[in-house]
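Letter by letter, the chains look like this.
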There are 2 protein chains.
Amino acid sequence: MPGTHVELILNCRWLLPVAPVNEAVEHAGVAIDNGRIVAVGPIDALFERFAPNRIVDLGHHAVLPGLVNAHGHAAMTLLRGSAEDKPLQAWLTDDIWPLETAHVSPDFVQTGTELALAEMISFGTTCFSDMYFFPEVVARCAKQVGMRAQIAFPVIKFPNAWCQDTDEGFHKGLALHDDFRNEPLVTIAFGPHSAYTVTDADLERTLMYSEELGLLVQTHLHENQAEVAEAHERLGHSWITHLHERGMLNPSLQAVHMTQVTEAEIELIAEHDVQVVQCPHSNLKLACGICPTEDFHAAGVNVALGTDGAASNNTLDLFAEARLAALLAKHTTGNASAGSSQQLLYRATLGGAKALGMDAETGSLEVGKSADIIAVDLDNAAFFPMYDPISAIIHGAAGASVSHVWVAGQCLYDDRTFTTLAVDDLKSRVRNWQSRIRDGRRSNR
Amino acid sequence: MPGTHVELILNCRWLLPVAPVNEAVEHAGVAIDNGRIVAVGPIDALFERFAPNRIVDLGHHAVLPGLVNAHGHAAMTLLRGSAEDKPLQAWLTDDIWPLETAHVSPDFVQTGTELALAEMISFGTTCFSDMYFFPEVVARCAKQVGMRAQIAFPVIKFPNAWCQDTDEGFHKGLALHDDFRNEPLVTIAFGPHSAYTVTDADLERTLMYSEELGLLVQTHLHENQAEVAEAHERLGHSWITHLHERGMLNPSLQAVHMTQVTEAEIELIAEHDVQVVQCPHSNLKLACGICPTEDFHAAGVNVALGTDGAASNNTLDLFAEARLAALLAKHTTGNASAGSSQQLLYRATLGGAKALGMDAETGSLEVGKSADIIAVDLDNAAFFPMYDPISAIIHGAAGASVSHVWVAGQCLYDDRTFTTLAVDDLKSRVRNWQSRIRDGRRSNR
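Just so it is clear, the model here is predicted, and its values are computed rather than measured.

**Things to note about the interface of chain A and chain B**
(1) Moving on: Taken together, the contact pairs 60 residues of chain A with 60 residues of chain B.
(2) Moving on: Both sides together, the interface formed by chain A and chain B hides about 4700 Å², and carbon and sulfur atoms give 59% of it.
(3) Moving on: Across the chain A-chain B interface, the total number found is four salt bridges.
(4) Moving on: The salt bridge involving B:Asp379 is made with A:Lys427; its shortest N-O contact spans 2.8 Å.
(5) Moving on: Where chain A meets chain B, there are 28 residue pairs in polar contact (both at pLDDT 80 or more).
(6) Moving on: Listing elements by their share of the side of chain A that touches chain B, those giving two or more residues are helix H3 (106-122), helix H10 (280-285), helix H12 (318-333), helix H14 (389-395) and helix H15 (423-443) of chain A.
(7) Moving on: It is H15(A) that contributes the most residues to the side of chain A that touches chain B, seven residues altogether.
(8) Moving on: In terms of residue class, the side of chain A that touches chain B is made up of 26 nonpolar, 20 polar and 14 charged.

**Thoughts on the pairing of strand S13 (residues 373-377) of chain B**
Residue and element names in this part refer to chain B.
(1) Moving on: Among the five residues of S13, four are classified as buried, and the element is accordingly described as predominantly covered.
(2) Moving on: Relative to S13, strand S4 (residues 50-65) runs antiparallel, the two being bridged by five bridges. Along S13, the bridge assignment pairs Val63 with Ala375.
(3) Moving on: Both S13 and strand S14 (residues 402-407) contribute to a ladder of four bridges, which runs antiparallel. Looking at the pairing, Val376 lines up with Val402 of S14.

**Describing the relation of the copies chain A and chain B**
(1) Moving on: With an axial shift of 0.0 Å and an RMSD of 0.0 Å, the rotation relating chain A to chain B amounts to 180 degrees. Classification of the inter-copy transformation places it as that of a two-fold axis. Looking at the rotation axis and the C-alpha trace of chain A, the residue lying nearest is A:Ala400, at 3.1 Å.
(2) Moving on: Of the residues that chain A buries at the interface, 100% are likewise interface residues in chain B, meaning the two copies contact each other through the same surface.

**Let's talk about the nonpolar core**
(1) Moving on: Counting residues in each nonpolar core, the largest one holds 120 residues, and the members touching the most others are B:Leu64, B:Phe108, B:Met258 and B:Phe296.
(2) Moving on: Per-element tally for this core: the top contributor is helix H3 (residues 106-122) of chain B, with eight residues.
(3) Moving on: Leave out the neighbours within four places in its chain, and B:Leu64 touches B:Leu16, B:Phe319, B:Leu345, B:Leu365, B:Asp372, B:Ile373, B:Ile374, B:Val376 and B:Ile393.
(4) Moving on: Counting 119 residues, the second-largest nonpolar core is a separate cluster that includes A:Tyr132, A:Leu185, A:Leu215 and A:Ile390.

**Quick look at the sheet that holds strand S3 (residues 36-42) of chain A**
Residue and element names in this part refer to chain A.
(1) Moving on: In spatial order, the strands read S3-S2-S1-S4-S13-S14-S15-S16; together these eight strands make up an open sheet with mixed pairing. Only two strands of the sheet have a single partner each, and these edge strands are S3 and strand S16 (417-418).
(2) Moving on: Here six bridges tie strand S2 (residues 25-33) to S3, and the two strands are oriented antiparallel to one another. Its bridge partner being in S3, Ala31 is matched across the sheet by Ala39.

**Topic: the side chain of B:Asn160**
Residue and element names in this part refer to chain B.
(1) Moving on: If you trace the backbone, Asn160 turns up in the loop between strand S7 (148-155) and helix H5 (166-179).
(2) Moving on: Classification of Asn160 as buried rests on a relative accessible area of 16%.
(3) Moving on: Within the structure, Asn160 has its side chain in polar contact with the backbone nitrogen of Trp162 (distance 2.9 Å).
(4) Moving on: Engagement of the side chain of Asn160 in a polar contact is seen with the backbone nitrogen of Cys163, the distance being 2.9 Å.

**Some remarks on the packing of aromatic side chains**
(1) Moving on: Applying the stated criterion across every chain yields a total of 22 aromatic pairs over all chains.
(2) Moving on: Aromatic side chains A:Trp97 and A:Phe158 sit 6.4 Å apart centroid to centroid with 55 degrees between the ring planes, which places their arrangement in the tilted category. Here A:Trp97 is found in helix H2 (residues 88-103), whereas its partner A:Phe158 is found in the loop between strand S7 (148-155) and helix H5 (166-179), with 61 residues between them in sequence.
(3) Moving on: A relative accessible area of 28% means that A:Trp97 is categorised as partly exposed.
(4) Moving on: Ring plane angle 50 degrees and centroid distance 5.5 Å describe the contact between B:Phe170 and B:Tyr209, whose orientation is recorded as tilted. Here B:Phe170 is found in helix H5, whereas its partner B:Tyr209 is found in helix H6 (residues 200-213), with 39 residues between them in sequence.
(5) Moving on: The buried category is assigned to B:Phe170, whose relative accessible area is 2%.
(6) Moving on: On the accessibility criterion, B:Tyr209 (19% relative accessible area) is buried.
(7) Moving on: A network of ring pairs unites the aromatic residues A:Phe153, A:Trp162, A:Phe170, A:Phe190 and A:Tyr209 as a single cluster.
(8) Moving on: Over the ring of B:Trp433 we find B:Arg436; its NZ or CZ atom is 4.0 Å from the centre of that ring.

Here is what the cut-offs are and how they apply
Residues numbered from 1 in each chain as written. Chains lettered and ligands numbered in written order. Predicted model: local features only at pLDDT ≥ 70, side-chain atom pairs only at ≥ 80, totals over all residues. Heavy atoms only, no water. Contact = heavy atoms within 4.5 Å. Buried area = accessible area lost by both parts, 1.4 Å probe. Salt bridge = Lys/Arg side-chain N within 4 Å of Asp/Glu carboxyl O. Polar contact = N/O pair within 3.5 Å; in protein donor to acceptor, adjacent residues only side chain to side chain. Helix = DSSP H or I, 4+ residues; strand = E, 2+ residues; numbered from the N terminus. Nonpolar A, V, L, I, M, F, W, Y, C, P; charged D, E, K, R; others polar. Buried < 20%, exposed > 50% of the residue type's maximum accessible area, 1.4 Å probe, protein only. Pairing = 2+ DSSP bridges. Least-squares fit on C-alpha atoms with pLDDT ≥ 70 in both. Core = buried A, V, L, I, M, F, W, Y, C linked by side-chain atoms within 4.5 Å. Phe/Tyr/Trp six-rings, centres within 6.5 Å; stacked < 30°, edge-to-face > 60°. Lys NZ or Arg CZ within 6 Å of the ring centre and 35° of its normal.

Okay, here's the thing in structure tokens:
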């Protein structure tokens, strides 16, 4: 009796489904049809039950949900390495903001975002959140390449290349939401840059629209001490309190960074079910501090991971973020059992999906979910021997060993070859931007 | 007029010589003859001056000195991932020591060390320090594969598979020194495991022999709080003071870890010109703390980097250690300018060589030094654009992009292919060990 027809079966040495059980299973498979996972289980049972069009043999691989990069500024790849070893405020005001003023344009964003997508795909990310100028360019780019994305369009009180004022910004952002209303892969959200760069009126406008339209909100919050000190000086209380007073602490809010928080603030965040996104490399590189993820976790807060922009990282490898987050969890608690590999695998996948309101659709290998799946080739001295595939994935620098990436069943990276990105052409466009940016810096000196 | 004959010229897109000037140079080359660097400079000038047998074109690559992994236990690769998310003392007593008692043998050490060498070479390490049982096996293995090594033979008060007591250990270790006296790549040193696992008599014996023979000494020192607290309880002062009282603080001593130190101890270490080796991944993974490298540096102490064993890391990628060390330097000082990429490149190369007493021979691309050189292929989305090759190398996860490795002019890794290691045979031997270790653990439960 022939089995049920399906498009694809992945035949995996190790399967890391994340949910319903966050454990590794040996010799298991995933059956995929019409972009969705139709079955997960022992490979022999799948072959009995299904007649696949195609089988991909992943005999040395760990197969897991695609990673969710819950915070970044994709196009900033073009500024990677342009301003090194500087503290946050100097880095922003002396380097990044002047460079952005001089260069940011639709073409800059197109090229920088494509570069970021290439890099994120090669490191196993299938879903990213973005906050940058020309969000319509980022949204189109994600759609075209086939990546899942949350595009948080910027709300910021300074005029910029994308909008003269926030009236124009909200107008363009809401039009973008309208354009992408029926796109399965791209969701639009609000991206108020931070409490200190957005007026109270615009924070209130963000809250009103987000409630009306059911859209999520992502913002930088308590990134470093100077930011929090400024709030206390100006307002007599912190930015978290400031947002709380405006009713903005709610499950739709994704609070990014959160390196400087009191116990009372952690409780407040937990009470209002705010999503927390940690960016460990960026936070250390800019000497901002460490997000107390284990305190948030203990309080019941969902914690996700982000790379932040490449200019403060300098890579977009979410596996590296997970590894560093595990190490920092152990360090800050003084407890080597904290930040377990299982927990970090969860945060890098389903926790991220939950933060972005996408956990019904992605983040685990469960029947009915979108086939957002990656394979990591473990046939490499650095992964021998193999007692524990989950710790190997988290502590073994898996990013460089990603071999395959599927989003909604479409293979974007096939045995290390991009299928939806023209990399040679992209590199040549990046080189042009590099020359322009470098020449601009020289002429400013 | 024909140029002077040389064996090899490397034609490099970016050259990072580390010394005499620690800056990147574009379109430069290295001329190599008889295992040594005979010239470094603009590529055109080298081609005018020399007639090479062979040219290796590294047109997308950064070329730099091979990295120096100043602390590790190579054979522990076989225990990688065998005991995860556990604090140091439980990790040692419940898992690592019982596993070692059950399995360590010359064959275990041979297989585990070959695996470590494959991994280290693939990540750009050309010189490593080792401290493990059966050091004669490690020494032979390094020689056979062509890696530069310091083999610190273990001195420990517990009987073990290698020696019944320290009399036997010193005897075997000194015989090993004698055997390798004329080997250019392998140096023997003393490896007293730690002040808390070695008797005072054996510490004194170590000091006496090391002075007599001019050999260096490597030891674990102040790895975590419990270790230091125990010293205060038993002796009324720290292990650093204990070693100081015995005259063991001197330029021959390599003090590994040093996460728990007072200001006075930092001054003492500086005053006696002790070498400090930081193992950032291992220290965080076992929740031991962070070595205050910037305080040591400010006091004039040379700081090197080590991976420690793969069982507490879980990779042997010194680039990853350098990146994490840079981030931790910024974090602990609260100063994003600390831990610059230049400084970390130095620590990963020449600083490491200096700690091992090998800085006249390796650690920089300077005329007269051994040709211990690596190439990193930067033709990858994650390295685009390129404004600053040194920050790209340190913050861009270069380990996975190493393409070539030379030690003393011998190419050990040629466009990602090992030339002195039979990797398939090695993998099959590792698989056998994996089964034995896993079965042993199951039968103990």
